[in-house]
Amino acid sequence: MSRILTLLALFSAMALATGPFYAGEAMGQAMGEAAAGVAAGADAPAKAAAVPAPQGGAPDKPQGPPDRRQHAEFVNTLGMRFVQVPAGSFLMGASDLDTEFYEHEKPQHRVDISKPFRVGVLEVSQWQWQQVMGNNPSRFKDPLLPVESVSYDSVMSFIAKLNEREGTHAYRLPTEAEWEYFARAGTMSPYFFGDSDARLGDYAWYRANSERTTHPGGLLRANPWGLHDVYGNVAEMLSDWFGLDYYTASPQRDPKGPSEGKERSLRGGSWTNTEFGNRSSYRDRYEPDYLESVVGLRLVMDLPSGDDQAKR
Ligand SMILES: [Ca+2]
């Protein structure tokens, strides 16, 4: 009984830690920035994003027809929250206007994301990992912190067990293209909040403000599609092999990375990266059995069959 109460208390703490940022002030801010992105000439996806629209009244008591809100937001049995992002096209990689980049962030090229999908609002937490795997490999231990020090194989096992637990096949890692698509959220600048890194500390735990540790998800401001900690905190594992020259040959539609490789792709930078490593087009890599406190994950979900067509 006491264990159940402890879990309930923890769950409540998690909701308190993350809920208000999602449903209230941060979301209002996020929607405002999405509009700014469109006005600045970004592609349409930001405007079409199926992230929950701000509702009238108390955000924790949705009023009126539930269709849009319930369709857009999904919460699983572990309290993982997902928002739906639209199908769309974007320019992937560093642009000619960017002043700092790796050569392998070029050439900039158009990518089509052919189906809408769901993206985790936060990185996977240690509490969520523990519930599924019965262990916690993280260096910085706290249930609210993102899980890290996970190998690619252990993440594949986590996802298989999560799918089984939830009775679905929907959970998976993002592709590198999907990651940049939802990180940019319709923006074209090096950072989803603009050209300058001056405000990076408002959005990311990185070298200048992390105090050399990870932090609980959702404490900083979200990107235009309502996703927290996209830059920094833990760098996010992807399903692609890393290909240094992949951009010269990748297909336009739903690229999934090279067919083979020795290293896996990693995105977003971490608590130890500088401003350079926390840009939307920044590409990193790691060996699949690498266990370090900079590597974690964010999940995506395929939509139930038919829903992708309905949202086009
Ligand atoms: Ca991150």
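Residues numbered from 1 in each chain as written. Predicted model: local features only at pLDDT ≥ 70, side-chain atom pairs only at ≥ 80, totals over all residues.

K.L.:
So what exactly am I meant to see when it comes to the sheet that holds strand β5 (residues 117-120) here?
P.N.:
As a general point, the strands of a sheet are linked pairwise by backbone hydrogen bonds and lie either parallel or antiparallel. The strand order across the open sheet built from 5 strands is β1-β2-β5-β11-β6, with neighbouring strands paired in antiparallel fashion. In the strand order of this sheet, the two ends are held by β1 (73-75) and β6 (171-172), each with one partner. Relative to strand β11 (residues 300-302), β6 runs antiparallel, the two being bridged by 2 bridges. Looking at β11, one finds that arginine 172 is bridged to valine 300. (Pairing = 2+ DSSP bridges. Helix = DSSP H or I, 4+ residues; strand = E, 2+ residues; numbered from the N terminus.)

K.L.:
How should I be thinking about the nonpolar core in this particular structure?
P.N.:
When a protein is soluble and globular, its nonpolar side chains tend to lie buried together. With 54 residues, the main nonpolar core has Val119 and Phe182 as its most contacted residues. The leading source of residues in this core is helix α7 (residues 176-184), at 5 residues. Once you skip the residues sitting within four places of it in the chain, phenylalanine 182 turns out to touch Val85, Val119, Trp225 and Leu227. (Core = buried A, V, L, I, M, F, W, Y, C linked by C-beta atoms within 7 Å. Buried ≥ 20, exposed ≤ 12 C-beta atoms within 10 Å, placed from the backbone. Contact = placed C-beta atoms within 7 Å.)

K.L.:
Help me understand unusual backbone geometry, please; the structure alone is not making it clear to me.
P.N.:
Excluding glycine, residues mostly carry a negative phi; peptide bonds, for their part, are mostly trans. A cis amide bond links lysine 106 with the next residue in sequence, proline 107, at an omega value of 0°. By secondary structure assignment, the location of proline 107 is in the loop between β3 (88-92) and β4 (109-113). In this structure, glutamate 211 is a non-glycine residue whose phi angle is positive, near 55°. Within the secondary structure, glutamate 211 sits in the loop between α8 (200-203) and β7 (235-241). Judged by local crowding, glutamate 211 falls into the exposed class, with 9 C-beta atoms found within 10 Å. Even without a glycine there, the phi angle at arginine 212 is positive, about 55°.

K.L.:
Can you help me understand the sheet that holds strand β10 (residues 295-296) in this one?
P.N.:
Strands sit in the order β9-β8-β7-β10 across an open sheet of 4 strands; the sheet is mixed. In this open sheet, the two strands that pair with only one neighbour each are β9 (283-286) and β10. By the bridge criterion, 3 bridges tie β7 to strand β8 (residues 264-267) in an arrangement that is antiparallel. For tryptophan 241, the partnering residue across the bridge sits in β8 and is arginine 264. Here α7 sits on the sheet in contact with β7 and β8, set at roughly 140° to β7. (Axes fitted to C-alpha atoms, helices over the stretch in contact; angles between N-to-C directions.)

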